[in-house]
Amino acid sequence: MSLNCIICNSENMVKIQDRLRDSNIHKVFICNNCGQVQINPIPTIDEDKKYYSNDSQAKAVFNEVNMDIMKAKSSIDVKRRYRMFKDKINKDMKLLEIGCGYGFFVEYLKNEGYDIDGFEISNVRREYGTKTLGCKIYDINLLSEDSLNFHKEEYDVIFMFHVLEHISEPEKFLRNVKKILKKEGTLIIEVPNLDDHMLERSEKYRDFYFQRAHITYFDNKTLARLLSKSGYSDIEFEGVQRYNLYNALNWLNKGQPILEYSVPREIDWIEKYYTAKLIKDMECDTLVAYCKINREE
Ligand SMILES: [Zn+2]
C-alpha cells in the first residue's frame, strides 16, 4: 500500500501513532517534507459515506430531548463564533456555512437578521435544519463540482467549522470553495489545533485525540501552507480554547475528559490566566484561520 502526504504528495512519511481512538487499522503519520499530519489509510469517499450515515449522533435526530441537549451544547460555540466574527459580517452580505450540521449557527444568524445559507451532506441533519429550524440548507458536496455552478461567486463570507479535518482531498475542496466565494470575500475556518498543549502532557489524551473521522491534523504552519497552496492569501490566525481547566486536570488525574463542568467563580481568575496563556503561545485546542482569495494566482 502506497503512502503519500495528502498535501505535498511526498513519500517521506514517519509513523507517530500506532492506532486511533476508534480504529486499530488506521495509523497516524507526519510528512517529513511539509510537516502535515494525517491518518493512513485515507478513507475512500464510499467508506466515508457509510461511516457518516452510521453516525449515532445523526440517529438521535428525531428524539426531541436529545436535540434540545445537542442544541444547548452547541450554543456555547454558536454564541462564541458570533461574537468573534460579528465584525467581519453585515446584513447586506450573503453568508454561507459549509458543513452546517443541524443548522444551529445558520439559525442563530438568520434570527439575528443575516442572509445565510448552509451546505450539509447528511440527510438527517439537513432535514432537521430545513424543516425544524426553517433554514436554507443545500445538499452540496464541495468535492463534486457540478452542483457549484448554481452558487458561483455568490458568497461574501464562508464559514467552515470543524469540517476541513474530515476532508479526504483538502486542496481540491478548498479550490472549489474559492469558486463560490466572491472575489473580495473572506473564508473563515475553524479546526482543532495540533499544537494543543495537552498532547504533550497526557499520553491518554494523545491516545484519545487521533480519531477515524479526522483525516488531517493542522497547526497554524501546516494550515497556512495548505491555504496558500490552494490559492488563498492574507492568512491570519486566532487561537481559541474550547475546553476548560477542569477538563485538563481530569485528563492528567484520571486519563479521561470532563466536559460538563464549568470552573467555580472563585477560581475563575486561574481559568482566565490558563486560557490567555494558551492562546498567546498558540497552544490552545482550537485554531481559527481567516483568508482571502489570492487574486494573483
Ligand atoms: Zn507533505
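Residues numbered from 1 in each chain as written. Predicted model: local features only at pLDDT ≥ 70, side-chain atom pairs only at ≥ 80, totals over all residues.

This next bit is on the sheet that holds strand 1 (residues 13-17). Across the sheet, four strands lie side by side as 1-2-3-9; this open sheet has antiparallel pairing. What marks the edges here is a single partner per strand, and that holds for strand 1 and strand 9 (216-217). In terms of strand pairing, strand 3 (residues 37-40) meets strand 9 through two bridges, oriented antiparallel. Within strand 9, the position partnered with Q38 by the bridge is T216. (Pairing = 2+ DSSP bridges. Helix = DSSP H or I, 4+ residues; strand = E, 2+ residues; numbered from the N terminus.)

Turning our eyes to something else, we now look at helix 6 (residues 170-180). Regarding helix 6, the residues found buried are P170, L174, N176, V177 and I180. Angularly, the buried residues of helix 6 cover 160° about the axis, an arc narrow enough to put them on a single face. (Buried ≥ 20, exposed ≤ 12 C-beta atoms within 10 Å, placed from the backbone. Arc of directions from axis to C-beta.)

Let us now look at helix 11 (residues 268-280). Here helix 11 is 13 residues long and its end C-alpha atoms lie 18 Å apart, about the 18 Å a rise of 1.5 Å per residue gives. Looking at the residues trailing helix 11, positive phi occurs at M282, about 55°. (Expected span 1.5 Å × (residues − 1).)

It is worth spelling out the sheet that holds strand 5 (residues 115-119) at this point. What the seven strands build is an open sheet, ordered 6-5-4-7-8-11-10; its pairing is mixed. In this open sheet, the two edge strands, each paired with only one partner strand, are strand 6 (136-138) and strand 10 (232-240). Strand after strand, the sheet turns through a mean of 20° between neighbouring axes, direction not considered. Relative to strand 8 (residues 181-192), strand 7 (residues 155-161) runs parallel, the two being bridged by six bridges. When the sheet's bridge partners are listed, Y155 is paired in strand 8 with L181. (Axes fitted to C-alpha atoms, helices over the stretch in contact; angles between N-to-C directions.)

With respect to the secondary-structure elements, K172 resides in helix 6. Distance from K172 to K204, taken between C-alpha atoms, is 34 Å for residues 32 residues apart in sequence.

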